[in-house]
Amino acid sequence: MQSEFNIYGQTLSSRLILGSALYPNPALMQQALQQSGCEAVTLSLRRQAPEQQGGEQFWQLIRDLKLKLLPNTAGCHSVQQALTLAQMSREIFQTNWIKLELIGDDYNLQPDPILLLQAAEQLLADGFEVLPYCTDDLVLCKRLYELGCKVLMPWAAPIGSGLGVLNPYALRTLRERLPDATLIVDAGLGVPSHACQVMEMGFDGVLLNSAVALAKDPVLMAQAFSQAVSAGRSAFVAGAMPKQDFASPSTPVLGMPFWLQEAP
Amino acid sequence: MAEHMKTELNIWLNGKTETLNSNQLSHLLPRFKAPFAVALNGCFIAANQYPNTVLKAGDQLDIVSPIAGG
């Protein structure tokens, strides 16, 4: 019943992708990732401080999980920064996948649509399989798709806000107008019902981090999101009933007792 | 092979000033733990280019490693 979830030719059985940041401790990160059933995890690169040992522990934990790695270019504000970070990521993580983040505004961490197109074009030409973190703007997403980005990752709301889907019309439009693109909602989801909502719309997957990592019980929340993503996908495949503005009785009217065809 | 230079030079290493006794990138790297990747003045330096990379005064060198990310 469930069609395949495919990212640049690699099939994933889980439609949930989780981030690896902000967990209370590394052990909880590891448990949450395991319990979510996710098969891909996002991570990043930062300057190495030789006196710090935490980085090595993180890398070992991630490797032990044997998940597919989706490195990001978080924090980049220029095309050159994103290109360089992507190239460094490819060398270390041995993957052509890159979650392209190019920030245009520091207040809401909104992607810069113009620089995003420029960077995506150069990364694709350099052999990367680009997963751009983008807004829900239809024209931007069309341009990214036409460039060769087979996967698009529009936001639901600003990163880390937990606000849920701010513009359902825009997301529904993306799904309708880009039926062949792999669409993953990335950023802004706060609770499992948000994930279920976008999966019911027909999105292919969900990427989130804060909603799980900052929950009181990240492991339980990871499970909850996993169930919500599955439920939403099943509902989309099943096909929802049509909406109407009036009531229709579900119990048959025919044969109702106490009713007389004519007045006594 | 890059030309070796004994004189001191000042560079920016991971955002901080650093005085080096060698202009060879490969002489600096043993203090860092694998895995890492290198950028010089904002441009990626592939691992196979380390032996050929010569540093000069004022260079900005970034050496990065995996961390958590969303």
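Predicted, not measured: the structure shown is a model, and the values here were computed from it.

Participant: I'd love a proper account of unusual backbone geometry, names of residues and values included.
Facilitator: Along the chain, Ala34 of chain B connects to Pro35 of chain B via a cis peptide bond; the corresponding omega equals 0°. Note on placement: Pro35 of chain B falls in the loop between α1 (25-28) and β3 (37-40). Positioned with a positive phi, Ala187 of chain A is a non-glycine residue whose angle comes to about 95°. Secondary-structure assignment places Ala187 of chain A in the loop between β11 (182-186) and α7 (192-201). Of the residues examined, Ala187 of chain A reaches a relative accessible area of 9% and is grouped as buried. With phi around 50°, Asn41 of chain B is a residue other than glycine that occupies positive phi space. Within the element layout of this structure, Asn41 of chain B appears in the loop between β3 and β4 (43-45). Given the relative accessible area of 39%, Asn41 of chain B is considered partly exposed.

Participant: Give a description of the pattern of salt bridges that names residues and reports values.
Facilitator: Under the defined criterion, the tally for this structure stands at 8 salt bridges over all chains. Of the charged contacts, one joins Glu56 of chain A and Lys33 of chain B as a salt bridge, the two residues approaching to 3.6 Å between their closest N and O atoms. Of this pair, Glu56 of chain A sits in helix α2 (residues 54-65) while Lys33 of chain B sits in the loop between α1 and β3, on two different chains. Here Lys99 of chain A makes a salt bridge to Asp186 of chain A, at a shortest N to O gap of 3.1 Å. Within this pair, whereas Lys99 of chain A is found in strand β6 (residues 97-100), its partner Asp186 of chain A is found in strand β11, the two being separated by 87 residues in sequence. Assigned by exposure class, Lys99 of chain A and Asp186 of chain A land together as buried.

Participant: Lay out the interface of chain A and chain B in plain terms, naming residues and giving numbers.
Facilitator: Between chain A and chain B, the residue contacts involve 27 residues of the former and 26 residues of the latter. Summed over both sides, the interface between chain A and chain B buries roughly 2,200 Å², with carbon and sulfur atoms accounting for 59% of that surface. Three residues, Arg47, Gln48 and Glu91 of chain A, lead the burial of chain A against chain B; their summed loss comes to 32% of the area buried on that side. Across the chain A-chain B interface, the total number found is 2 salt bridges. Salt-bridge contacts for Asp62 of chain B lead to Arg47 of chain A; the nearest nitrogen and oxygen are separated by 2.6 Å. In this structure, the connection of chain A to chain B is made through 15 residue pairs in polar contact (both at pLDDT 80 or more).

Conventions used here
- Residues numbered from 1 in each chain as written.
- Chains lettered and ligands numbered in written order.
- Predicted model: local features only at pLDDT ≥ 70, side-chain atom pairs only at ≥ 80, totals over all residues.
- Heavy atoms only, no water.
- Helix = DSSP H or I, 4+ residues; strand = E, 2+ residues; numbered from the N terminus.
- Buried < 20%, exposed > 50% of the residue type's maximum accessible area, 1.4 Å probe, protein only.
- Salt bridge = Lys/Arg side-chain N within 4 Å of Asp/Glu carboxyl O.
- Contact = heavy atoms within 4.5 Å.
- Buried area = accessible area lost by both parts, 1.4 Å probe.
- Polar contact = N/O pair within 3.5 Å; in protein donor to acceptor, adjacent residues only side chain to side chain.

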